[in-house]
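Observations on the model geometry
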Amino acid sequence: MGDERQHYYGKHGTPQKYDPTFKGPIYNRGCTDVICCVALLLAIIGYVAVGVIAWTHGDPRKVIYPTDSRGEFCGQKGTKNADKPYLFYFNIVKCASPLVLLEFQCPTPQICVEKCPDRYLTYLNARASTDFGYYKQFCVPGFQNNKGVAEVLRDGDCPAVLIPSKPLARRCFPAIHAHKGVLMVGNETTYEDGHGHRKNITDLVEGAKKANGVLEARQLAMRIFEDYTVSWYWIVIGLVIAMVMSLLFIVLLRFLAGIMVWVMIVMVILVLGYGIFHCYMEYTRLRGEAGSDISLVDLGFQTDFRVYLHLRQTWMAFMIILSILEVIIILLLIFLRKRILIAIALIKEASRAVGYVMCSLLYPLVTFFLLCLCIAYWASTAVFLSTSNEAVYKIFNDTACPVAGKTCNPETFPSSNESHLCPGAHCQFAFYGGESGYHRALLGLQIFNAFMFFWLANFVLALGQVTLAGAFASYYWALHKPDDLPAFPLFSAFSRALRYHTGSLAFGALILAIVQIIRVMLEYLDQRLKAAQNKFAKFLMTCLKCCFWCLEKFIKFLNRNAYIMIAIYGTNFCTSARNAFFLLMRNIIRVAVLDKVTDFLFLLGKLLVVGSVGILAFFFFTHRIRIVQDTAPPLHYYWVPILTVIVGSYLIAHGFFSVYGMCVDTLFLCFLEDLERNDGSAERPYFMSSNLKKLLNKTNKKLADS
């Protein structure tokens, strides 16, 4: 027996030995993984340098403001188009061309205008009337009426027709509406194309839709914004209710954890029992019916799965499967009953620990704030990098042209050879790009930007985990709770983590960031290979994605427990990860039971909080209930505040339960260490709670004698 125990510990590390000086998280510790700390600082300096370069070359106006055919911004202060905020398309029907998908630009002249056209007018009619002054503002800047009609339309100096339009996302789109089932623009169902031909307005509809998508997007956004302005007060109240409910659930777990777990187990057994009974009744009911004795093999595969329900063999298979599951659960319940009780006791103890370290419930706000900084820096840098290109002009033409798609200079294009080869071509802005070394390095800079975001975000999460683990470990290793608890356990753990273990946190975050950036690159490659018909490449890509997903989950699990060991002992990352892994492997069954029990309770808590607050919000915002004398404000879309409350409630519940989960994991590792370090003697007393000692039949001799 002793040889077996020695062989077991030889495979899964050496148990912790008794240390008379150990009284919880070690205070006299040194810096760990200094090289990784230096690497993180250098990477941050490089990240700042990339941000400065991006901010120097980038121009976010390219995303916010539309640009005309010359690449000049519309409505931007300090430019010649400052008083012209809207972009006008000469012929929006051409925006339905497949060229838009390739070049991301409509092959028609575009100019900045002060306001969108409000009337239907053709160039021929305007030229012969007093409306030409109005029409001229929609021609290219500097247009002089010294050409013939054909020349003006050929050179793209003026649009062939003006259509009543409305601005959407700073762009002019036809004001399309339905009247008695007929699509109309203003009061017109047809339009003239400038060559004397009348065309159906449906062409304009399709062009407008393909150019912008849904025309009512701006109106929808404005209504949603109005709903937020009148309902934000009640949304905040709903989120406060979610916070209070989450806190109450954590407190009540001290008293109701055991009841909820056992009720759930009994319900699962009863449901499976009913399933077995139902399968047996269906099996007996089909006895003697024509065709019910056909085997599944003879029937073969059927697209209508309901056919299988008419076979006795199907219900026999269901009954056997459910019976096997029932037997497995009952056997697990018999043999793991004690471990389930230990898991419940640890959950109750975690509720007490959170009660003594109440400020820990506010720490997720710190993590949230730091993550917001990381996201904001990453997003702004990505935008500046993506907009740090130069304006590229290309030749666009409606008909076949040998120079179409080539780059050009809008200043010299009218007198160039290309304009003579293609008389109807236009040199207009296509996109932002460049051929310099900086522009060729933009993809690499974007990848570095994403990698640094993952690294810093994982570092922030790791800092929170080490801080919470240090605070809750101080609670567990206090022999007389709460008298021996430090004055400010959370602040002490936070300062120790930053002072001594920045390198270790950076090391763990770096490993996870590498795996995550590989997963992002695999997703990018997968999107690029979707059009390929190589089945082996698709299979290989699927396997790689699955493997790296599993690897990321394992590293997160290992990092979490490594951070707990770092918070307690102050060792480096590799040593802490190894010790935590071997400690868990020596207690693998307890780990599995505790993990499933806590997962169930957290799922139940989230469903309770989110479901209760969501139902309350639904009844309130749909005017089905009143709170005192107040009623819900009138809304365009009642689902706007309801969804906001539901999502916010889930985030709040997740924040509370993440603290609680870290507490359970920390106390569990401390509990396993306590069992290996101590034996209950006067010199080596157990630090676990009285409930845990009672479950394990453990006692502290000094306390027993007294």
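Residues numbered from 1 in each chain as written. Predicted model: local features only at pLDDT ≥ 70, side-chain atom pairs only at ≥ 80, totals over all residues. Heavy atoms only, no water.

1. Some thoughts on the overall build of the protein
When helices and strands are counted, the protein shows 24 helices and 12 strands. Considering the protein as a whole, with its 706 residues, one finds that 42% of them fall into the buried category. Once local pairs closer than 6 in sequence are excluded, the contacts in the protein between residues at least 24 apart make up 71%. (Helix = DSSP H or I, 4+ residues; strand = E, 2+ residues; numbered from the N terminus. Buried < 20%, exposed > 50% of the residue type's maximum accessible area, 1.4 Å probe, protein only. Contact = heavy atoms within 4.5 Å.)

2. Focus: the state of the cysteines
If you walk through the whole model with that rule in mind, you get three disulfides. Distance from the sulfur of Cys670, which forms no disulfide, to the nearest cysteine sulfur (Cys663) is 9.5 Å. Taking the relative accessible area as the measure of exposure, Cys670 reaches 0% and is therefore buried. (Disulfide = S-S within 2.5 Å.)

3. A look at the nonpolar core
Membership of the largest hydrophobic core comes to 107 residues, with the highest contact counts inside it found for Trp455, Leu601, Tyr660 and Phe671. Considering every element that reaches this core, the biggest residue donor is helix α16 (residues 442-476), with 20 residues. Setting aside anything within four residues of it in sequence, one finds Phe671 in contact with Ile342, Leu346, Tyr476, Arg590, Met688, Leu692 and Leu696. (Core = buried A, V, L, I, M, F, W, Y, C linked by side-chain atoms within 4.5 Å.)

4. Overview of the pattern of salt bridges
Tallied over the full model, the rule gives nine salt bridges. A salt bridge links Arg560 to Asp665, with the shortest nitrogen-to-oxygen separation between them at 2.6 Å. Pair noted here: Arg560 is in helix α19 (residues 535-569) and Asp665 is in helix α22 (residues 639-677), with a separation of 105 residues, a long-range link. The class for Arg560 is partly exposed, based on a relative accessible area of 22%. Using a relative accessible area of 23% as the deciding quantity, one classes Asp665 as partly exposed. A network of salt bridges, in which partner residues are shared, links Arg519, Glu552 and Lys556. (Salt bridge = Lys/Arg side-chain N within 4 Å of Asp/Glu carboxyl O.)

5. Some thoughts on the packing of helix α18 (residues 502-528) against α19
For the pair α18 and α19, interaxial distance at closest approach is 10 Å and the crossing angle is 165°. By the angle between their axes, α18 is roughly antiparallel relative to α19. In terms of crossing hand, the pair formed by α18 and α19 is left-handed. Split into classes, the residues belonging to the contact of α18 with α19 amount to 16 nonpolar, four polar and six charged. (Axes fitted to C-alpha atoms, helices over the stretch in contact; angles between N-to-C directions. Parallel < 35°, antiparallel > 145°, perpendicular 65-115°, else oblique. Left-handed = near helix turned anticlockwise from the far one by under 90°. Nonpolar A, V, L, I, M, F, W, Y, C, P; charged D, E, K, R; others polar.)

6. Focus: unusual backbone geometry
Despite not being glycine, Asp33 has its phi angle at roughly 50°, a positive value. Here Asp33 is to be found in the loop between α1 (2-11) and α2 (34-57). Among the residues examined, Asp33 registers a relative accessible area of 18% and is labelled buried.

7. Regarding the side chain of Asn559
Checked against the element boundaries, Asn559 lands in helix α19. Looking at Asn559, the relative accessible area reads 4%, which means it is buried. The contacts of Asn559, once residues within four sequence positions are left out, are Gly508, Leu512 and Phe573.

8. Side note on the pairing of strand β5 (residues 165-168)
For β5 and strand β6 (residues 171-174), the ladder comprises four bridges, and the chain directions are antiparallel. Paired with Lys166 across the two strands is Phe173, which belongs to β6. The hairpin turn running from β5 into β6, its antiparallel successor, is two residues long, and Ala169 in that turn takes a positive phi close to 55°. (Pairing = 2+ DSSP bridges.)

9. With respect to helix α20 (residues 573-585)
An α-helix turns once per 3.6 residues; consequently, residues spaced three or four apart project the same way. Taking 1.5 Å as the rise per residue, α20 with 13 residues should run 18 Å; its terminal C-alpha atoms sit 18 Å apart, in good agreement. The N-capping residue of α20, defined by a side-chain oxygen 3.3 Å from the backbone nitrogen of Cys574, is Asn572. (Expected span 1.5 Å × (residues − 1). Polar contact = N/O pair within 3.5 Å; in protein donor to acceptor, adjacent residues only side chain to side chain.)

10. Observations regarding the side chain of Thr314
Here Thr314 is to be found in helix α11 (residues 312-335). Contacts of Thr314, omitting those with residues within four sequence positions, involve Leu296 and Tyr308.

11. Regarding the pairing of strand β2 (residues 110-113)
Going residue by residue along β2, you find Gln110 and Cys112 tucked away on one face and Ile111 and Val113 tucked away on the opposite face as well. Alignment of strand β1 (residues 86-89) against β2, held across four bridges, turns out to be antiparallel. Looking across to β2, one finds that Phe88 is bridged to Ile111.

12. Overview of the packing of aromatic side chains
The geometry of an aromatic ring pair is captured by the separation of the ring centres together with the interplanar angle, meaning the angle of the planes. Going through the model one piece at a time under the given rule, you end up with 27 aromatic pairs. Seen in terms of ring centroids, Tyr47 and Tyr377 are 4.7 Å apart; in terms of plane orientation they differ by 70°. Their pairing is edge-to-face. Here Tyr377 lies in helix α13 (residues 363-386) and Tyr47 lies in helix α2, a separation of 330 residues in the sequence. Residue classification places Tyr47 among the buried positions, given a relative accessible area of 3%. (Phe/Tyr/Trp six-rings, centres within 6.5 Å; stacked < 30°, edge-to-face > 60°.)

13. Observations concerning the packing of α16 against α18
For the pair α16 and α18, interaxial distance at closest approach is 8 Å and the crossing angle is 135°. On the basis of the axis angle, α16 is oblique to α18. Helix-helix and strand crossings are classified by hand; for α16 and α18 the assignment is right-handed. For the pair formed by α16 and α18, the contact residues are Ile447, Ala450, Phe451, Phe454, Trp455, Asn458, Phe459, Ala462, Leu463 and Val466 on the first element and Thr502, Leu505, Ala506, Ala509, Leu510, Leu512, Ala513, Ile514, Gln516, Ile517 and Val520 on the second. Each residue belonging to the contact of α16 with α18 can be placed in one class, and the counts come to 18 nonpolar, three polar and no charged.

14. A short note on the confidence of the model for the protein
Mean pLDDT over the protein: 78, with 82% of residues reaching 70 or higher. The spread of mean pLDDT over the elements of the protein runs between α1, the lowest at 43, and α2, the highest at 92. The low-confidence segment residues 187-196, where pLDDT is below 50, has 36 contacts with residues more than four positions distant or belonging to other chains. (pLDDT = per-residue confidence, 0-100.)

15. Structural notes on helix α12 (residues 337-356)
Over its 20 residues, α12 runs 29 Å from end to end, which matches the ideal 28 Å to within 8%, given 1.5 Å per residue. For α12, the set of buried residues is Ile340, Ile342, Ala343, Ile344, Ala345, Leu346, Ile347, Glu349, Ala350, Ser351, Ala353 and Val354.

16. Re the environment of Lys545
As for its placement among the helices and strands, Lys545 is situated in helix α19. Expressed as a C-alpha distance, the spacing of Lys545 and Arg519, which sit 26 residues apart in the sequence, is 6.7 Å. If we skip the residues at most four places from it in the chain, Lys545 touches Leu522, Glu523 and Asp526.

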